[in-house]
Amino acid sequence: MDTSKKMAAGLTGLASMLWLGLTAAVAANQRRLVFNPTLEREVKSPRSSGHRTRPVVLRARDGTRLAGWLMTPSIPGPRPAVLYFGGRSEEVSWVARDAGKLFPNMTVLAMNYRGYGDSHGMPAEIHMIEDGALLYDWLATRGQVDPQRIAVVGRSLGSGVAVQVARERPAHSVVLITPYDSILAIAKRRFRVMPIEYMLRDRFESIKYAPMLKAPTYVLRAASDDVVPHFHTDLLVAKLGALVADEVVPGSDHMTIPYLEATHAMVAGFLTRQFSGPVTPAAAAAVADAVANATPPVETAAAAPELVLAAK
């Protein structure tokens, strides 16, 4: 073999080794690519100006501690409710601070995923969906909640959780902020030379479930988004079964969109309009059936100020 062929063979071998090494590194760290748990509270003492705010601790079905906040409006009687799911790096204490503008006159539950904030455990798609359904069931049994009017709201990574929970539970409305078709699709575009479909366990393939959603769905995009390019949102929107509107928040990007007053006004306006309408007999029957068959968590005694729950 002449020198040039030896060099070519050597370079090919080196490239193969590098590719295999990089592939192995991505496979070993794939969970870190999807989740970026934030432990420190974004807001030290979260308190909604429009709600009574209290910390909540829930024990998931496997005993894992989940922590977050329940916000109830001062207006008496059963109220519409919102279940919020955060983004990849998001600790949700800020929702308690901004709930008065985002979700006026609505009961709000914002819980940190496993491994985020004060919640224990490790994040994983299967746990997020199971925990999300448990949270929905718990909200539906609260005395201050109208079980026929529960919306799910998901931002970025949380949009994939919201879509799957809304598929499994009779959500009244759905709000998706900077949503995507699937984490798998985004990863495949980012790591084009790797067999990412064989490596990624947490795929959040919202596009598979989008046609099954029956709840009116509102999509909000960032004006500039280099995390979830609009192409990935376009693919999801084309499959949504009950799309009401697909709008862009002016002057926003992927990181700033949840905190902007324009976002607050747009989300609050959509949910207020949706909740003010009548509930169809079919939807009411679906809710009644879901509540009757749910196994909600059971409250136990707890030291103030936390409300501790345990799942059966």
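One structure accompanies this document, and this report is about it. Remember, predicted model here, so these are calculated numbers, not experimental data. Starting afresh in each chain, residues are numbered from 1 along the sequence in its written order. With pLDDT at 70 or above as the cut-off, local features in this predicted model cover only qualifying residues; side-chain atom pairs require 80 or more to be listed or tallied, and sums for whole chains, interfaces and linings still use all residues. Values shown for side chains rest on all heavy atoms present in the structure; no hydrogens or waters enter the calculation.

Another aspect to go through is the overall build of the chain. Along the chain, the regular secondary structure elements total 10 helices and 10 strands. In the chain, buried positions account for 50% of the 312 residues. Every helix listed is a DSSP run of H or I at least four residues long, and every strand listed is a run of E at least two residues long, numbered separately from the N terminus. Throughout this description, buried means an accessible area under 20% of the type-specific maximum (1.4 Å probe, protein chains only), exposed means over 50%, and partly exposed covers the range between.

All right, on to the pattern of salt bridges then. Here, a salt bridge means any Lys or Arg side-chain nitrogen found within 4 Å of an Asp or Glu carboxyl oxygen. By the definition in use, this model includes 11 salt bridges. With its nearest N and O atoms 3.3 Å apart, the salt bridge here joins Asp118 to Arg41. A residue pair is termed long-range when its members are at least 10 positions apart, and Asp118 in the loop between strand E4 (107-111) and helix H4 (125-140) and Arg41 in the loop between helix H2 (30-34) and strand E1 (51-59) qualify at 77 residues. Accessibility expressed as a relative area gives 35% for Asp118, which makes it partly exposed. On the basis of relative accessible area, Arg41 is assigned to the partly exposed category, the value being 29%. Ionic pairing is found between Asp98 and Arg97, a salt bridge with its closest N-O pair at 2.7 Å. Its relative accessible area of 36% is what places Arg97 among the partly exposed residues.

Our next topic: the nonpolar core. Remark: nonpolar core denotes a set of buried residues (Ala, Val, Leu, Ile, Met, Phe, Trp, Tyr, Cys) joined through side-chain atoms within 4.5 Å. If you look at the biggest cluster of nonpolar residues, it comprises 50 residues, and the most contacted ones within it are Val152 and Phe204. At 8 residues, the largest contribution of residues to this core is made by H4. The next biggest cluster of nonpolar side chains, apart from the first, holds 29 residues, and it includes Ala96, Leu102, Val249 and Leu271.

Our focus in this paragraph is helix H9 (residues 261-276). Here H9 spans 22 Å end to end across 16 residues, near enough to the 22 Å set by a 1.5 Å rise per residue. For H9, the set of buried residues is Thr263, His264, Met266, Val267, Ala268, Gly269, Phe270, Leu271, Gln274 and Phe275. The criterion used for residue contact is that any of the two residues' heavy atoms lie within 4.5 Å. Residues of H9 that are buried in the fold lie against strand E3 (79-85), helix H3 (93-102), strand E5 (145-155), strand E6 (173-177), strand E7 (217-224) and strand E8 (243-253). A helix is expected to reach a length of 1.5 Å times the quantity of its residues less one.

For the rest of this paragraph, the subject is the side chain of Thr53. Within the element layout of this structure, Thr53 appears in strand E1. Within the local environment of Thr53, its side chain forms a polar contact with the backbone nitrogen of Ser48, the two atoms lying 3.0 Å apart. Under this definition, polar contacts are N or O atom pairs within 3.5 Å; protein pairs additionally need one hydrogen-donor-capable and one acceptor-capable atom, and for neighbouring residues in sequence, both atoms have to be side-chain atoms.

Note on placement: Ala67 falls in strand E2 (residues 65-73). Each C-alpha atom, one on Ala67 and one on His120, is 8.3 Å from the other, the two residues being 53 residues apart in sequence. Every residue in contact with Ala67, bar those within four places of it in the chain, is listed here: Val56, Met111, Asn112, Asp118 and Ser119.

Orientation is described by lines fitted to C-alpha atoms, with helices fitted over the stretch in contact, and by angles between N-to-C directions that extend from 0 to 180 degrees. Taken N-terminus to C-terminus, the directions of H3 and H9 make an angle of 60°; their axes are 9 Å apart at the nearest point. One way to sum up the angle between H3 and H9 is to call them oblique. Where H3 approaches H9, its residues Trp94, Asp98, Lys101 and Leu102 are matched on the opposing element by Glu261, Thr263, His264, Val267 and Ala268. Throughout, the ten residues Ala, Val, Leu, Ile, Met, Phe, Trp, Tyr, Cys and Pro are labelled nonpolar, Asp, Glu, Lys and Arg are labelled charged, and all others, Gly among them, are labelled polar. Looking at the contact of H3 with H9 residue by residue, the classes come out as 4 nonpolar, 2 polar and 3 charged. Roughly parallel covers angles under 35 degrees, roughly antiparallel covers those over 145, roughly perpendicular covers 65 to 115, and oblique covers all other angles.

Here we come to the packing of aromatic side chains. We call Phe, Tyr and Trp rings a pair once their centres come within 6.5 Å, taking the six-membered ring for Trp, and we label the pair stacked below 30 degrees between planes, edge-to-face above 60, and tilted otherwise. By the definition in use, this model includes 5 aromatic pairs. For the pair Phe35 and Phe204, a centre-to-centre distance of 6.1 Å together with 75° between the ring planes defines the contact as edge-to-face. Here Phe35 is found in the loop between H2 and E1, whereas its partner Phe204 is found in the loop between helix H6 (183-190) and helix H7 (206-209), with 169 residues between them in sequence. Exposure class is identical for Phe35 and Phe204. Each is buried. Arranged with centres 4.7 Å apart and planes meeting at 25°, the rings of Tyr218 and Phe270 form a pair that is stacked.

With that settled, the discussion passes to unusual backbone geometry. A positive phi is found at Asn105, a non-glycine position, where the angle reads about 60°. On the secondary structure map, Asn105 appears in the loop between H3 and E4. At Thr178, a position not held by glycine, the phi torsion is positive, near 45°. With respect to the helices and strands, Thr178 occurs in the loop between E6 and H6. Note on Thr178: relative accessible area 1%, which makes it buried.

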